[in-house]
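Structure at a glance
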Amino acid sequence: MGAPMTLFDLAQRGMSAQLVRMNAAASNLANASTVSSSENGTYRPIRAVFAEELDNRSGLASVNVRSVVRENTAAIKEHNPDHPLADGNGDIWKTPVDENAEMVEMLESARQYQNLVEALSTAKQLMLDTMRLK
Amino acid sequence: MSESLFGIHAAALELRSQRMGMITSNIANAATPGYRARDIDFSAALNARMNGMSADKASDAASLYRVPVMPTLDGNTVELPTEQVAFSENAVGYSATLSFISGRVNTITRALKGE
């Protein structure tokens, strides 16, 4: 246990958590069109799960990434015997990524990141004013 | 000494600063499942503080959970518009209190210099 949490720590942790979330969405988008020859080998979308991190000494509640989980969605089967990765039945397995949902996730994450930056810069300005007492 | 010098404004600035931390916590936890947004009932906290309670205790006693306009599936009660409005209202209050304090400091400085 170091020093009590400050507003700066709080905002920094919140921003890192949002970055993890945005990276997860970007990974999902990057893998949106990958194809596999087996159902188990298919890429499943990953999702960051946040948890509250309460600092009792300062009363501030920060956020950290509790885990990055894989979504339990079924792979999409497509019959395509000409595909080089097709299995014995001539099927390929496509990644179950909903691109629209991922874009919305990224937008939401970016908005929450911006909110934190805005709150931090206001708080910083007020602290500076207090320091100078002008 | 500083209590009598700055009166209610010293207590108000302390509580405004604590409330700013609490609202920033809400903004940071906007995507945390099950997180319940909190806020300080400022006038209640200020009353308690002026009646001799310590700043930490006063803000703890006056912290309330926010009632969401629309509940969400994951149990998170942070609503960004509400938090943004509360944050800016609090920031304006902080600035106002700060200018009262700096006015007081200026008055005392001028009195000391005998201008």
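Heads up: these notes are all about the structure in this document. (Residues numbered from 1 in each chain as written. Chains lettered and ligands numbered in written order. Predicted model: local features only at pLDDT ≥ 70, side-chain atom pairs only at ≥ 80, totals over all residues. Heavy atoms only, no water.)

Quick word on the nonpolar core
Inclusion rule: Joining through side-chain atoms within 4.5 Å is the link that ties buried Ala, Val, Leu, Ile, Met, Phe, Trp, Tyr and Cys residues into a set, and such a set is a nonpolar core. Residue exposure (1.4 Å probe, protein chains only): buried if accessible area is under 20% of the type maximum, exposed if over 50%, otherwise partly exposed. For the purposes of this entry, the term helix denotes a DSSP run of H or I that reaches at least four residues, the term strand denotes a run of E that reaches at least two, and both are numbered from the N terminus. Contacts are assigned to residue pairs that have any heavy atoms within 4.5 Å of one another.
Grouped together as the largest cluster of nonpolar side chains are 32 residues, with contacts concentrated most on A:Leu10, A:Leu116, B:Met20, B:Ile27 and B:Phe87. The set of elements that each furnish at least two residues to this core consists of helix 1 (7-30), strand 2 (46-55), strand 3 (60-70) and helix 2 (99-132) of chain A together with helix 2 (8-28) and helix 5 (80-113) of chain B. In terms of residues, this core owes the most to one element, helix 5 of chain B, which gives seven residues. Sequence-distant contacts of B:Phe87, defined by excluding residues within four places in its chain, comprise A:Ala119, A:Thr122, A:Ala123, B:Met20, B:Ile23, B:Thr24 and B:Ile27. Within the second largest apolar cluster, nine residues are counted, among which are B:Leu15, B:Ile40, B:Phe42 and B:Ala62.

What to know about helix 2 of chain B
Our working definition: Multiplying one less than the number of residues by 1.5 Å gives the expected span of a helix.
Its 21 residues give helix 2 of chain B an end-to-end C-alpha distance of 30 Å, which sits within 8% of 30 Å, the value for a rise of 1.5 Å per residue. Taken across its 21 residues, helix 2 of chain B has 15 buried, putting it largely inside the fold.

What to know about the packing of helix 2 of chain B against helix 3 (residues 42-50) of chain B
Residue and element names in this part refer to chain B. The cut-off we apply is this: Helix axes use the C-alpha atoms of the stretch in contact, all axes being lines fitted to C-alpha atoms, and the angles between their N-to-C directions lie in the range 0 to 180 degrees. The scheme is simple: roughly parallel for angles under 35 degrees, roughly antiparallel for over 145, roughly perpendicular for 65 to 115, oblique for anything else. A crossing counts as left-handed when the near helix is turned anticlockwise from the far one by less than a right angle, and as right-handed when that turn is clockwise. Three categories are distinguished: nonpolar for Ala, Val, Leu, Ile, Met, Phe, Trp, Tyr, Cys and Pro, charged for Asp, Glu, Lys and Arg, and polar for the others, with Gly belonging to the last.
It is at 10 Å that the axes of helix 2 and helix 3 come closest, and there the two elements cross at 130°. Looking at the two axes, helix 2 sits oblique to helix 3. Every pair of crossing elements has a handedness; the one defined by helix 2 and helix 3 is right-handed. Of helix 3, the residues touching helix 2 (which contributes Ile-8, Ala-11, Ala-12, Glu-14, Leu-15 and Arg-16) are Phe-42, Ala-45, Leu-46, Arg-49 and Met-50. Tallied by class, the residues present in the contact of helix 2 with helix 3 amount to eight nonpolar, no polar and three charged.

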